[in-house]
Amino acid sequence: WPSTFRLPAGRDLAMPSLRALGFQQVQHALQYLNETLSYDGLANDTVHETFHNLRKEMRSLTDEYDLFVNSSSMNHIMFPPAASEPNMIPLLKEAHLVLGSLNNDFVGLEIYTQSNDSQLVQEEILHERIRQGWESFRMWIEEVQLEQSLKDLGTLLKTDEPVGQ
């Protein structure tokens, strides 16, 4: 909530508060996406942390979507109906899954690298899977226009309603 006048309070309306939170999450995801794409690969812990933060922001958004949209009593309280279009939340869910596979390979590589009985062949296989997965992900991001989809979702979530009274 760094850009709001004050933190939400119990008397605040849910919709503007939740949409303000979602908007901030989208802005963070965009920042992490752009930072992640500035790297050539996932070769070190700094890059991996940024990449992992991108994944966490997208997971949070998709989890919130499932929580608020799938509950009939809270239908569209946070996300407008257009967020369910294929180029928005479903796309973020797909990106989260792809990033999860890459993350698993990266963590596996770290385990092999740090163990004393490291298997060089397995390390090489994981390095190659990470390299190929990263290149595929970068091409996929361009193909599906993930950055624009995040911007469009941010526009849907941006509210001019005050968070607090």
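Residues numbered from 1 in each chain as written. Predicted model: local features only at pLDDT ≥ 70, side-chain atom pairs only at ≥ 80, totals over all residues. Heavy atoms only, no water.

Turning our eyes to something else, we now look at the overall build of the protein chain. Assigned secondary structure in the protein chain consists of five helices and zero strands. Written out in order from the N terminus, the α and β elements of the protein chain read α-α-α-α-α. The proportion of buried residues among the 165 residues of the protein chain is 39%. Contacts spanning at least 24 positions in sequence make up 72% of the contacts within the protein chain whose residues lie at least 6 apart. When the accessible surface of the protein chain is summed, it comes to about 9,300 Å², and 52% of that surface belongs to carbon and sulfur atoms. (Helix = DSSP H or I, 4+ residues; strand = E, 2+ residues; numbered from the N terminus. Buried < 20%, exposed > 50% of the residue type's maximum accessible area, 1.4 Å probe, protein only. Contact = heavy atoms within 4.5 Å. Areas by Shrake-Rupley, 256 points an atom, 1.4 Å probe, with all protein chains shown as cover.)

Once that is clear, we can look at unusual backbone geometry. A positive phi is found at Gln145, a non-glycine position, where the angle reads about 55°. By the element assignment, Gln145 lies in the loop between helix H4 (120-144) and helix H5 (146-157). Its relative accessible area of 52% is what places Gln145 among the exposed residues.

Fine structural detail should not be taken from predicted coordinates in areas where pLDDT scores are low. This prediction gives the protein chain a mean pLDDT of 82; 84% of its residues lie at or above 70. When the elements of the protein chain are averaged for pLDDT, helix H3 (residues 89-114) gives the smallest value, 86, and H5 the largest, 93. (pLDDT = per-residue confidence, 0-100.)

Right, let's get into H5. Taking 1.5 Å of rise per residue, twelve residues should cover 16 Å, and H5 covers 16 Å from first to last C-alpha, within 8% of that figure. Those residues of H5 that fall on the buried side of the exposure criterion are Leu146, Ser149, Leu150, Leu153, Gly154 and Leu157. For H5, the angular spread of the buried residues around the axis is 140°, confining them to a single face. For H5, the elements touching its buried residues are helix H1 (14-37), H3 and H4. (Expected span 1.5 Å × (residues − 1). Arc of directions from axis to C-beta.)

Time to look at the nonpolar core. Within the largest apolar cluster, 39 residues are counted, with the highest numbers of intra-cluster contacts made by Leu42, Phe79, Leu92, Phe137, Leu146, Leu150 and Leu153. Going through the elements one at a time, H1, helix H2 (45-69), H3, H4 and H5 are the ones with two or more residues in this core. Dropping the residues within four chain positions of it, Leu153 is found in contact with Val26, Phe79, Ala83, Met88, Ile89 and Leu92. (Core = buried A, V, L, I, M, F, W, Y, C linked by side-chain atoms within 4.5 Å.)

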